[in-house]
Amino acid sequence: MINNDNRWRSSRLPRLGSAIFAEAAAWKEEARRAGMDLIDLGIGSPDLPPSPRIRTALSEQVQRSDRYAYPASRGSAGFRGQAARWLRHRFGVTVDPDEEVLALMGSQDGLAHLALAVTDPGDAVLVPDPGYPIYAAALAVADVEAIPVPLRATNDFLPDLEAIAEQDWERARFILLNFPSNPVSAVAELPFFERLLAKASRYGTLVVHDLAYSEMAYDGFRPPSILQVPGAAEQAVEFHSLSKSFNMAGCRIGFVAGNREAIGALRDLKANLDYGVFEAVQEAGIVALQEDMEREGPPVGALYERRRDAFVETLRTEGWDVPLPRATMFVWAPLPAAAVAQGWSARAISREMVQKTGVVVIPGDAFGREGEGYVRIALVENETRLCEAGQRIGAFLRDILNV
């Protein structure tokens, strides 16, 4: 007899992502039904709109009658050219917009499909642990083995390249990293990328760098591009997103640049899967990149730096001494020592927190085994609400820990 319990459900689905995100959604709904005033610091979604200039460009473009044909899946020549000009302006990097740049429906689009384009079933890929969930999900879809690379506080959340076993380097088709990183809010300097490329080149391993938070760094730090390393385009591709830097998350626009063979493979795959980004959105993306080239300093860094400072100061005043992140829109907070001593897991304390305070955070094990003992907190509310969240959290911790 045929078992129809999962007749119309793929066995891949349980491997796509952490069940904790679904659990967190249920916690929020339960708290909402109980009448709790939620402060949702769980998802890294910008809470502000794009600039007036970007919105005006989008509004004007959607009124054009010639914008409603199928767009090219590779992106318009105008957008790819502007992306190349922005890379040269921001990083001093020169790429060929025809062969070394590909437009994406947000960087997650490319990250989700890259393994399908450059690997075969049964291959292996090195991925960070903790890491952004789409990394592992994309490998599950492609039937590729994920080899976890631990990111730990003892090494400033950078991977120990020498600790990766030689057989894993030999097996890995690519290594995927993300600095500034989600969820751990770590940064990498150019010498790290030089060492990474030198190591990967010994084994013929493609380096994939997710630079979604390039414009969201603090204290004067400007994150580098891996493509700044001489010869990097022979060994690496890098993903860029307009979602966080220009508050265009709902527009779904980004791009990938670098190695033309890997980009060509992804372009060929996408040519069979989609018709690309709405041209009106691409035109708005051009304006976003142009506007950024005309300003001094990063577009949103100062805003999130103020939020970071206010929130972390509040938590420290309340008795939780969390590290000050140098980049991203997240605080990667180790559980208080008293909570660990009392046996609290990241998941348990996150659930209790939303039920008792209405403040939503994500337990670190949602991002991998190495995330246990941490929670990720997104700076996606204004400073007043963030300080209120910090005060609620402080009272909650004092209550449950009896301190």
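What counts and what doesn't
- Residues numbered from 1 in each chain as written.
- Predicted model: local features only at pLDDT ≥ 70, side-chain atom pairs only at ≥ 80, totals over all residues.
- Heavy atoms only, no water.
- Helix = DSSP H or I, 4+ residues; strand = E, 2+ residues; numbered from the N terminus.
- Rg over C-alpha atoms; globule rule 2.2 N^0.38 Å.
- Buried < 20%, exposed > 50% of the residue type's maximum accessible area, 1.4 Å probe, protein only.
- Contact = heavy atoms within 4.5 Å.
- Areas by Shrake-Rupley, 256 points an atom, 1.4 Å probe, with all protein chains shown as cover.
- Lys, Arg positive; Asp, Glu negative; His and termini not counted.
- Charge placed at Lys NZ, Arg CZ, Asp CG, Glu CD.
- Polar contact = N/O pair within 3.5 Å; in protein donor to acceptor, adjacent residues only side chain to side chain.
- Pairing = 2+ DSSP bridges.
- Phe/Tyr/Trp six-rings, centres within 6.5 Å; stacked < 30°, edge-to-face > 60°.
- Lys NZ or Arg CZ within 6 Å of the ring centre and 35° of its normal.
- Core = buried A, V, L, I, M, F, W, Y, C linked by side-chain atoms within 4.5 Å.
- Salt bridge = Lys/Arg side-chain N within 4 Å of Asp/Glu carboxyl O.
- Right-handed = clockwise from strand over helix to strand, strands pointing away.
- Axes fitted to C-alpha atoms, helices over the stretch in contact; angles between N-to-C directions.
- Parallel < 35°, antiparallel > 145°, perpendicular 65-115°, else oblique.
- Left-handed = near helix turned anticlockwise from the far one by under 90°.
- Nonpolar A, V, L, I, M, F, W, Y, C, P; charged D, E, K, R; others polar.

Draft legend 1. Highlighting the overall build of the protein. Secondary structure assignment for the protein yields 13 helices and 12 strands. Against the compact-globule benchmark of 22 Å for 403 residues, the protein has a radius of gyration of 21 Å, which places it among compact chains. Expressed as lengths along the three principal axes of its C-alpha atoms, the size of the protein is roughly 60 × 55 × 50 Å. Taken across its 403 residues, the protein has 55% of its residues classed as buried. Across the protein, the fraction of contacts at a sequence separation of at least 24, relative to all contacts at a separation of at least 6, is 75%. Accessible surface computed for the protein: about 17,500 Å², of which carbon and sulfur atoms make up 49%. Of the side-chain charges in the protein, 42 are positive and 54 negative, and the distance between the mean point of each set is 3 Å.

Draft legend 2. Expanded view of the environment of Ser 76. Relative to the helices and strands, Ser 76 resides in the loop between α2 (52-62) and α3 (77-91). A C-alpha to C-alpha distance of 32 Å links Ser 76 and Ala 302, two positions 226 residues apart in sequence. In this structure the side chain of Ser 76 is engaged in a polar contact, spanning 3.0 Å, whose partner is the backbone nitrogen of Phe 79.

Draft legend 3. Layout of the sheet that holds strand β11 (residues 362-363). On the basis of which strands lie adjacent, the open sheet formed by three strands has the order β9-β12-β11 and antiparallel pairing. The open sheet has two edge strands, β9 (330-334) and β11, and neither has a second partner. Pairing between β9 and strand β12 (residues 374-378): five bridges, direction antiparallel. In the strand pairing of β12, Val 331 is matched with Ile 377.

Draft legend 4. Region of interest: the packing of aromatic side chains. Per the stated rule, a full pass over the model turns up 13 aromatic pairs. Taking 5.9 Å as the distance between ring centres and 70 degrees as the angle between the ring planes, the aromatic pair formed by Tyr 213 and Phe 330 counts as edge-to-face. One end of the pair, Tyr 213, is in the loop between β6 (206-210) and β7 (236-241); the other, Phe 330, is in strand β9, and 117 residues separate them in sequence. Taken as a pair, Tyr 213 and Phe 330 share a single burial class, namely buried. Pairwise contacts between aromatic rings join Phe 79, Trp 86, Phe 91 and Phe 255 into one cluster. Between Arg 326 and the ring centre of Phe 221, over which it is positioned, the NZ or CZ distance is 4.5 Å.

Draft legend 5. Just the nonpolar core, in detail. By size, the foremost hydrophobic cluster in this structure holds 68 residues, and its most contacted members are Trp 169, Leu 196 and Met 248. Ignoring anything within four residues of it in the chain, the contact list for Trp 169 reads Leu 126, Leu 161, Ile 164, Ile 175, Leu 196, Lys 199, Ala 200, Tyr 203 and Thr 205.

Draft legend 6. Quick look at the pattern of salt bridges. Scanning the model with the defined rule gives 37 salt bridges in all. Among the salt bridges present, the one from Arg 222 reaches Glu 215, with a minimum N-O distance of 3.0 Å. Each of the salt bridges in this network shares a partner with another, and the network as a whole consists of Asp 37, Arg 385, Glu 388 and Arg 392.

Draft legend 7. The arrangement of the pairing of strand β3 (residues 124-129) in detail. The buried count for β3 comes to six of six residues, which makes it a mostly enclosed element. Both faces of β3 are covered, namely the face carrying Ala 124, Leu 126 and Pro 128 and the face carrying Val 125, Val 127 and Asp 129. Inspection of the sheet shows β3 paired to strand β4 (residues 145-150) by six bridges, in the parallel sense. Bridge pairing in β4 places Pro 128 opposite Val 149. Crossover connection from β3 via helix α5 (residues 133-142) to parallel β4: handedness right-handed. Bridge count for β3 against strand β5 (residues 172-177) is two bridges, and the pairing is parallel.

Draft legend 8. Representation of the packing of α3 against helix α9 (residues 279-294) within the structure. Put simply, α3 and α9 touch, their axes get as near as 9 Å, and they point 20 degrees apart. Relative to α9, the element α3 lies roughly parallel. By crossing handedness, the relation of α3 to α9 is classed as left-handed. Together, Gly 78, Phe 79, Gln 82, Ala 83, Arg 85, Trp 86 and His 89 of α3 and Gln 282, Gly 285, Ile 286, Leu 289, Gln 290, Asp 292 and Met 293 of α9 make up the contact between the two elements. When the residues that make up the contact of α3 with α9 are grouped by side-chain class, the tally is six nonpolar, six polar and two charged.

Draft legend 9. Here's a closer look at the sheet that holds β6. Reading across the sheet, the seven strands line up as β2-β8-β7-β6-β5-β3-β4 and stay open at both edges, with mixed pairing between neighbours. Sheet topology places β2 (101-104) and β4 at the edges, where each strand pairs with a single neighbour. This sheet shows a mean twist of 20 degrees between the axes of neighbouring strands, independent of strand direction. Taken strand by strand, helix α4 (residues 107-118) contacts β2, β5, β6, β7 and β8 (254-258), and its axis lies near 155 degrees from that of β7. Here α5 sits on the sheet and contacts β3, β4, β5 and β6; the angle it forms with β3, its principal contact strand, is near 160 degrees.

Draft legend 10. Representation of the packing of α2 against α9. Close contact between α2 and α9 brings their axes to 8 Å; oriented N to C, the two are set at 155 degrees. Viewed along their axes, α2 and α9 adopt a mutual orientation that is roughly antiparallel. Our pair here, α2 against α9, has a crossing hand that is right-handed. Across from Arg 53, Ile 54, Ala 57, Leu 58, Gln 61 and Val 62 in α2, the residues of α9 making contact are Ala 280, Val 281, Glu 283, Ala 284, Val 287, Ala 288, Gln 290, Glu 291 and Glu 294. Residues of the contact of α2 with α9, tallied by class, amount to nine nonpolar, two polar and four charged.

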